[in-house]
Amino acid sequence: MSAAAQAGHRAHWSSRWAFVLATAGSAIGLGNIWKFPYMAGENGGGAFVLIYFVCIVLIGLPVMMTEIMLGRRAQRNPVAAMERLAREAAAPRAWKLVGVLGVFTGAVILSFYSVVAGWMLDYLMRAGAGRFHGMGPQEAKAAFGDLLANPYELALWHTVFMFLTMGVVAYGVTRGLERATKIMMPALAAILLVLVGYGLARGDMAGAAAFLFHPDFSRLSPQGVLAAMGQAFFSLSLGMGAVMVYGSYLQRHISIARVSVYVAAADTAFALLAGLAVFSIVFAHGMGPAAGPGLVMQTLPIAFGAMPGGTALGALFFLLVVFAAWTSAISIAEPGIAWMVENLRLKRGRACAAFGVVVWLVGVAALLSFNVWEGFRIFGRSVFDALDYLASNILLPLGGLAIVIFGAWVMRQTHAREELDLDEGWFKAWRLAARYLAPVAIALVFLNLIGLLPGA
Ligand code: PFF
């Protein structure tokens, strides 16, 4: 797509599979490998996972279909798309603020996302140097602590990752990425399966499965429910226009519903595999599931350090995770860049430099919050946590809410029908979910949290 996009006119994905791959590439990333396991661990396991599934199906799928539909109908970046669709529906132009919010959200997410991707780059080097060999839980924990305590090392890898990301967005080598995604994603799934196999042989897989699949609702708080919903948005890349901008490069005849189901299913499978692999190690070594953002970094090296061929496999794993993070990061930046190029008439390279520098600076603040600025708190959270919380639990669900409301209430339903091109029964199901289920569920989770519901 991007060669033509750079030239100022819009091209399209070469096939349905190209779009599925790019969208799956956006969805599958650190959210699945890094975030899902530790969120499940922090929020008590099974009940969180169950609510997460419910959110994927009842909220995630309808929002994803709606977001792709809006992008494809408008054939514009999210800001211009919302403006154009609002005009078509004779609705207030202020709807374009949904797109502006998305660009802002993208900048917030990319700042801390790049820091975490940096951890993966660092671990890629460590794995390759054989440093996981014979590692126990104590050493794994200490090694990660050392990384967090070192702002220079964190900044180095954060910078490398920002260059990788903005480089691709600027030069648009997306075709090569498309092809690479086709190989890298299955490879990542294969190594996750090896890790699950290791968990079966040497870890506590029964404990992991019980933790992840036996819901104990007494361990889930209203905060946990919000976190599950936020995680569904984050993991599926919804609520900020990333999927909308990819949808805007989608040809007319492709079934939006089918593509959405494929992506959501693949995304969920990756999260579950990562969860099983991580928790089988956690319970086998008597570690706590609630270790927070460092959970994956403190567990998987133990498995790689103990298995035959673990040095090579560990290095390959972290390489693939970096790749998965990269394909996601590109989609996080794309709404903002497409907007700057198409609306502000900036050259693509300049837009990338400007966006990249701002995001990089915020990322530096995030990484300093693990060491020199450790004591600094925003509403009781470190800068890193505050950015993640703001994006995942507030901005993405709000964006998603606005998107379904627009698609199901504001846009003319003949247009929605045309775009989605579903059998009458499925169209009604989408409409029910997008009009009522999803918005009401999102609103309830928010209200529950602010304590406006009786019994909350
Ligand atoms: N879905 C990505 C992940 O799970 O890592 C993160 C992400 C990408 C969030 C794109 C939001 C987004 F728009």
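Look up: the structure comes first, before these words.
Below or above, wherever it landed, is the structure these notes cover.

Parameters and conventions
Residues numbered from 1 in each chain as written. Predicted model: local features only at pLDDT ≥ 70, side-chain atom pairs only at ≥ 80, totals over all residues. Heavy atoms only, no water. Helix = DSSP H or I, 4+ residues; strand = E, 2+ residues; numbered from the N terminus. Buried < 20%, exposed > 50% of the residue type's maximum accessible area, 1.4 Å probe, protein only. Contact = heavy atoms within 4.5 Å. Phe/Tyr/Trp six-rings, centres within 6.5 Å; stacked < 30°, edge-to-face > 60°. Lys NZ or Arg CZ within 6 Å of the ring centre and 35° of its normal. Near = heavy atom within 4 Å. Polar contact = N/O pair within 3.5 Å; in protein donor to acceptor, adjacent residues only side chain to side chain. Areas by Shrake-Rupley, 256 points an atom, 1.4 Å probe, with all protein chains shown as cover. Salt bridge = Lys/Arg side-chain N within 4 Å of Asp/Glu carboxyl O. Patch = residues over 30% accessible without salt bridge, like charges linked within 9 Å, V, L, I, M, F, W, Y side chains within 5 Å. Expected span 1.5 Å × (residues − 1). Core = buried A, V, L, I, M, F, W, Y, C linked by side-chain atoms within 4.5 Å. Axes fitted to C-alpha atoms, helices over the stretch in contact; angles between N-to-C directions. Parallel < 35°, antiparallel > 145°, perpendicular 65-115°, else oblique. Left-handed = near helix turned anticlockwise from the far one by under 90°. Nonpolar A, V, L, I, M, F, W, Y, C, P; charged D, E, K, R; others polar.

## Observations regarding the overall build of the protein chain
Looking only at helices and strands, the protein chain features 19 helices and zero strands. Seen along its three principal axes, the alpha-carbon backbone of the protein chain occupies a region of about 65 × 50 × 40 Å. Burial status across the protein chain gives 61% buried among its 456 residues. Long-range contacts, defined here as pairs at least 24 residues apart, represent 82% of the contacts in the protein chain between residues at least 6 apart.

## Focus on the packing of aromatic side chains
According to the stated counting rule, one finds 27 aromatic pairs in the structure shown. The ring of Phe 234 has Lys 35 sitting right over it, with the charged end atom 4.2 Å from the ring centre. Positioned above the aromatic ring of Tyr 389 is the side chain of Arg 381, whose terminal nitrogen or guanidinium carbon lies 3.9 Å from the ring centre.

## Points about the site of the ligand
As a structural note, the neighbourhood of the ligand is formed by 16 residues, with Ala 27, Gly 31, Tyr 113, Phe 234 and Ser 237 the closest of them. A distance of 2.7 Å separates an oxygen atom of the ligand from a polar backbone atom of Gly 31. Phe 234 places a polar main-chain atom, nitrogen or oxygen, 2.8 Å from a nitrogen atom of the ligand. Taken by itself the ligand offers 340 Å² of open surface, and the protein chains cover 100% of this.

## Things to note about the pattern of salt bridges
If you walk through the whole model with that rule in mind, you get twelve salt bridges. Three or more residues joined by partner-sharing salt bridges are found here, namely Arg 72, Arg 73, Glu 88, Arg 252, Glu 418 and Glu 419.

## Topic: a nonpolar patch on the surface
Where nonpolar side chains cluster on the molecular surface, the patch consists of Leu 50, Val 54, Val 57, Leu 58, Phe 217, Trp 409, Leu 432, Tyr 436, Leu 437, Val 440 and Leu 444 and spans about 970 Å² of accessible area. If you list the elements that add at least two residues to the nonpolar patch, you get α4 (46-74) and α19 (424-449). A total of five residues in the nonpolar patch trace back to one element, the largest contributor, which is α19. Exposure remark for Phe 217: the relative accessible area of 45% places this residue in the partly exposed category.

## Points about the environment of Tyr 113
Residue placement: Tyr 113 occurs in helix α6 (residues 96-128). Taking relative accessible area as the criterion, Tyr 113 reaches 3% and is therefore assigned buried. Put simply, Tyr 113 and Ala 325 are 212 residues apart on the chain and 8.1 Å apart in space, counted from C-alpha to C-alpha. If we ignore the near neighbours within four places in the chain, the residues touching Tyr 113 are Gly 29, Leu 30, Gly 31, Phe 234, Ala 325, Ser 328, Ala 329 and Ile 332.

## Re unusual backbone geometry
The phi angle at Ser 237 is positive, at roughly 60 degrees, despite the residue not being glycine. Mapping Ser 237 onto the fold places it in the loop between α11 (222-235) and α12 (242-247). Phi is positive for Asp 421, which is not a glycine, with a value near 50 degrees. With respect to the helices, strands and loops of the structure, Asp 421 is situated in the loop between α18 (413-420) and α19. Using a relative accessible area of 64% as the deciding quantity, one classes Asp 421 as exposed.

## Some words on the side chain of Asp 388
In this structure, Asp 388 sits in helix α17 (residues 383-410). Not counting residues up to four positions away in its chain, the partners in contact with Asp 388 are Trp 34, Lys 35, Tyr 38, Phe 112 and Asn 393.

## A closer look at the environment of Pro 308
Along the chain, Pro 308 falls in the loop between α14 (295-306) and α15 (310-342). Residues Pro 308 and Gly 375, 67 residues apart in the sequence, show an inter-C-alpha distance of 42 Å.

## Side note on helix α7 (residues 137-149)
If you check α7, its first and last C-alpha atoms are 18 Å apart, about what 13 residues at 1.5 Å a residue would give, namely 18 Å. On its buried face, α7 sits against α6, α8 (151-171) and α14.

## Let's talk about α8
The first and last C-alpha atoms of α8 sit 30 Å apart over 21 residues, in line with the 30 Å expected at 1.5 Å per residue. Buried within α8 are the following residues: Pro 151, Leu 154, Trp 157, His 158, Phe 161, Met 162, Thr 165, Met 166, Val 168, Val 169 and Ala 170. The distance from a side-chain oxygen at the start of α8 to the backbone nitrogen of Tyr 152 is 3.1 Å, and the residue carrying that oxygen is Asn 150.

## Digging into the side chain of Ser 280
Among the secondary structure elements, Ser 280 is positioned in helix α13 (residues 256-284). Overall, Ser 280 belongs to the buried group, its relative accessible area being 0%. Not counting the four nearest positions on each side in its chain, Ser 280 is found in contact with Gly 199, Gly 203, Asp 204, Met 205 and Ala 208.

## As for the nonpolar core
Within the largest apolar cluster, 176 residues are counted, with the highest numbers of intra-cluster contacts made by Trp 119, Phe 317, Phe 318 and Ile 337. It is α15 that contributes the most residues to this core, 18 residues altogether.

## Concerning the environment of Ser 218
The topology assignment puts Ser 218 in the loop between α10 (205-213) and α11. Ser 218 sits 93 residues away from Thr 311 along the chain, and the two C-alpha atoms are 41 Å apart. At a separation of 2.6 Å, a polar atom in the side chain of Ser 218 contacts the side chain of Asp 216.

## Some details on the packing of α4 against α11
It is the contact of α4 with α11, at a shortest axis distance of 8 Å, that shows an interaxial angle of 45 degrees. Between α4 and α11, the interaxial angle falls into the category oblique. Note on packing geometry: the crossing formed by α4 with α11 is right-handed. From α4, Phe 48, Ile 51, Tyr 52, Cys 55, Ile 56, Ile 59 and Val 63 reach across to α11, where they touch Gly 224, Val 225, Ala 227, Ala 228, Met 229, Gln 231, Ala 232, Phe 233 and Ser 235. Looking at the contact of α4 with α11 residue by residue, the class counts come to 13 nonpolar, three polar and no charged.

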